[in-house]
Amino acid sequence: MDFVKYQALGNDYLVVDPRLTGFEPTPEAVRLLCDRHFGVGADGVLLGPIGPCDPGAVQDPVRLRIFNSDGSECEKSGNGLRMFALYLTEHYRYPARFALRTIAGTAPVGVLDPIAGVVEVGMGKARLTAVDEAFTAGGRELRVTRVDVGNPHAVVPLAEISPELARELGPAIGRHPSLPEGSNVQLVRVLGRGAIEIEIWERGAGYTLASGSSGCAAAAAVRTLGLVGDTVEVRMPGGAIEIRIEDDEITMTGTARPVASGRFAPAFRAALDGC
Ligand SMILES: N[C@H](CCC[C@H](N)C(=O)O)C(=O)O
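Computed from a predicted model, the values in this text were never measured in an experiment.

Moving on to the site of the ligand. Neighbouring the ligand are 15 residues; Asn11, Gly78, Arg203, Gly212 and Ser213 lie closest to it. One of the backbone nitrogen or oxygen atoms of glycine 78 is found 2.7 Å away from an oxygen atom of the ligand. Contact with the protein chains removes 100% of the 360 Å² of surface that the ligand exposes when unbound. Every element with two or more residues in the shell around the ligand is listed here: β2 (11-16), α2 (78-92) and α4 (212-224).

With that settled, the discussion passes to the packing of aromatic side chains. Considering all chains together, one arrives at five aromatic pairs under this definition. With centroids separated by 5.5 Å and ring planes inclined at 20°, the aromatic side chains of phenylalanine 3 and phenylalanine 264 adopt a geometry described as stacked. Residue phenylalanine 3 is located in strand β1 (residues 3-8), and its partner phenylalanine 264 is located in the loop between β18 (257-262) and α5 (266-274); the two are separated by 261 residues in the primary sequence. Grouping residues by exposure puts phenylalanine 3 and phenylalanine 264 together as buried. Taking the centre distance of 5.7 Å and the plane angle of 55° together, the rings of phenylalanine 264 and phenylalanine 268 count as tilted. On the basis of relative accessible area, phenylalanine 268 is assigned to the buried category, the value being 16%.

Calculation rules
- Residues numbered from 1 in each chain as written.
- Predicted model: local features only at pLDDT ≥ 70, side-chain atom pairs only at ≥ 80, totals over all residues.
- Heavy atoms only, no water.
- Near = heavy atom within 4 Å.
- Polar contact = N/O pair within 3.5 Å; in protein donor to acceptor, adjacent residues only side chain to side chain.
- Areas by Shrake-Rupley, 256 points an atom, 1.4 Å probe, with all protein chains shown as cover.
- Helix = DSSP H or I, 4+ residues; strand = E, 2+ residues; numbered from the N terminus.
- Phe/Tyr/Trp six-rings, centres within 6.5 Å; stacked < 30°, edge-to-face > 60°.
- Buried < 20%, exposed > 50% of the residue type's maximum accessible area, 1.4 Å probe, protein only.

Have a look at this one:
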């Protein structure tokens, strides 16, 4: 087995396990793997477990690396953490509670229902780097709240949101020269004190149907703006996650599902190795 494909509310990742597949994650190889026409197809790659992985030592976080479909490496992915948690319970017999480690740090995970794929992740604290700041992008005057939840996000509350607007404003904000690291972008419509709807443009992957870290960032931003309470249902085109914020600590709960596992054809494997 060379890869397992998972999806979390329509945000899809390939788990590539270094213990099974000697895959070198060059940007070109990740791009080819994620290409929906010339490769397997995904929004990103979860490479792991890297290093120690022992279900008898759950106090040791299991390390993984996360790549976007454009080949860039990112610090964190909320959906990716849920998918990788399921991978460890399904393929390494991990128990319900353990911890994962990415560039952004350690995240406790809880597989609440392995059959339905319900996973809870401690996403840490949101760091607000700009609150309700005037921002001009795509020829529009916007109000943007920037949030770091381990990776960077720019949250834009609007009265009306749509996939088209996310595809238009996403790159204009996310690749703005004032944000040299780039940013994930969320357009947010507040539905009430306990629910928001978001459209997402991901740094390194473009428009996606769902994003866990985006949901956390959007909920934290509108909570700081006083528009929602501590528990928020975040509705995305691919489905909803629940965000709870207690003492500034964010907990995300949502589903993820395995889709398929497979082998690379020898010629495709050779192309990956040649990247
Ligand atoms: N799909 C991911 C977001 C990946 C973040 C990535 N696009 C970045 O460059 O930070 C999630 O569920 O959180």
